[in-house]
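Structural description and commentary
Here's the letter readout for the chains.
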Amino acid sequence: QVQLEESGGGLVQAGGSLRLSCAASGRTLSTYILGWFRRAPGKEREFVSAINRSGANTYYSDSVKGRFTISRDNAKNTVSLQMNSLKPEDTAVYYCAANPTLSLGRYYLETESQYTGWGQGTQVTVSS
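Description of the structure in this document. (Residues numbered from 1 in each chain as written. Predicted model: local features only at pLDDT ≥ 70, side-chain atom pairs only at ≥ 80, totals over all residues. Heavy atoms only, no water.)

**What about the environment of Thr 31?**
Under the convention used in this document: Helix and strand labels come from DSSP, where a helix needs a run of H or I of at least four residues and a strand needs a run of E of at least two; each type is numbered from the N terminus. Burial classes follow relative accessibility: with a 1.4 Å probe on protein chains only, a residue under 20% of its type's maximum area counts as buried, one over 50% as exposed, and anything between as partly exposed. Any pair of nitrogen or oxygen atoms within 3.5 Å is treated as a polar contact; in protein, a donor-acceptor pairing is required on top of that, and neighbouring residues in sequence qualify only through side-chain atoms on both sides.
For Thr 31, the position within the fold is in the loop between β3 (18–25) and β4 (33–39). By relative accessible area, which is 45% here, Thr 31 ends up partly exposed. The spatial distance from the C-alpha of Thr 31 to the C-alpha of Arg 53 is 6.4 Å, given a sequence separation of 22 residues. For Thr 31, the side chain forms a polar contact with the main-chain oxygen of Thr 28, separated by 2.9 Å.

**Let's talk about the pairing of strand β8 (residues 78–83)**
Regular strands have side chains that alternate between both faces of the sheet. Stated formally: Should DSSP find at least two bridges between two strands, the strands are taken to pair.
Relative to β8, β3 is paired through six bridges, and the arrangement is antiparallel. In the sheet register, Arg 19 faces β8, and the bridge partner there is Gln 82. Pairing between strand β7 (residues 68–73) and β8: six bridges, direction antiparallel. The partner of Asp 73 across the bridge, within β8, is Thr 78.

**Section: the side chain of Arg 72**
This is how it is decided: For the charge count, each Lys or Arg is scored as positive and each Asp or Glu as negative, with His and the chain ends excluded. Salt bridges are counted wherever a side-chain nitrogen of Lys or Arg sits within 4 Å of a carboxyl oxygen of Asp or Glu. By definition, residues are in contact when any of their heavy atoms lie within 4.5 Å.
Mapping Arg 72 onto the fold places it in strand β7. Put simply, Arg 72 is tucked away with no salt bridge, and the nearest opposite charge, on Asp 73, sits 8.4 Å away. Within the structure, Arg 72 has its side chain in polar contact with the backbone oxygen of Leu 29 (distance 2.5 Å). Within the structure, the side chain of Arg 72 is placed 3.0 Å from the backbone oxygen of Tyr 32, a separation counted as a polar contact. Setting aside residues up to four positions removed in sequence, Arg 72 forms contacts with Leu 29, Ser 30, Tyr 32, Ile 33, Leu 34, Ile 51, Asn 52, Arg 53, Ser 54, Gly 55, Thr 78 and Val 79.

**Thoughts on the state of the cysteines**
One way to say it: the disulfide is the covalent bond shared by the sulfur atoms of two cysteines. Using the following cut-off: Count a disulfide wherever a pair of cysteine sulfur atoms falls within 2.5 Å.
For the structure shown, the criterion picks out one disulfide. Paired by a disulfide, Cys 22 and Cys 96 hold their sulfur atoms 1.9 Å apart. Between Cys 22 and Cys 96 the sulfur-sulfur dihedral comes to about 55°; the bridge is accordingly right-handed. Pair noted here: Cys 22 is in strand β3 and Cys 96 is in strand β9 (residues 92–99), with a separation of 74 residues, a long-range link. The same class applies to Cys 22 as to Cys 96, namely buried.

**A closer look at unusual backbone geometry**
You will see that Asn 77, though not glycine, has its phi angle at about 60°, which is positive. Mapped onto the elements of the fold, Asn 77 is located in the loop between β7 and β8. Judged by relative accessible area, which is 14%, Asn 77 ranks as buried. A positive phi angle, near 50°, is found at Ser 85, a position not held by glycine. Relative to the elements of secondary structure, Ser 85 occurs in the loop between β8 and β9. A residue is classified by how much of its surface remains accessible, and Ser 85, at 42% relative accessible area, is partly exposed.

Okay, structure coming up:
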C-alpha cells in the first residue's frame with residue numbers, strides 16, 4: 001500500500017506563493033496518477049490538480065488554472081504543487097493522493113473515490 005506525506009504548507013499573504021511537496025513510501029509513484037485535493041473549512045473536499053504517470057499531461061480545476069502548477073519526479077518518488085498568486089479562498093487543508101486507474105477520463109481524475117492512497121494533509125492559510 002502506498003503511504004503519502006505532504007509538506008510545505010503554511011501561512012502566506014494574498015498574492016504570495018507556496019510550494020507543496022508529497023513524498024511516497026511503500027510503492028513506486030510512477031505506477032499511479034497523482035492528484036491534489038483540498039478541503040476548506042465547512043466545505044467538501046474538492047479536486048485541485050492531477051498529473052499522469054509520465055508527467056506529460058496535467059489537469060487543473062478552473063479555480064486554480066493559471067496559478068498552480070503540478071509536477072512530479074518519479075526518480076525521487078515525489079509530486080509537488082507550486083501555488084502562485086494565492087487568494088484567501090485558497091485557504092484549505094491540501095491532500096495529495098494516488099490513483100491506480102488506467103483511465104485519464106475526467107471523472108476518474110477528479111473524483112476522490114478513484115484515489116486509493118492519501119496523505120494526512122497540510123494546512124495552507126492565505127491572509128488578506
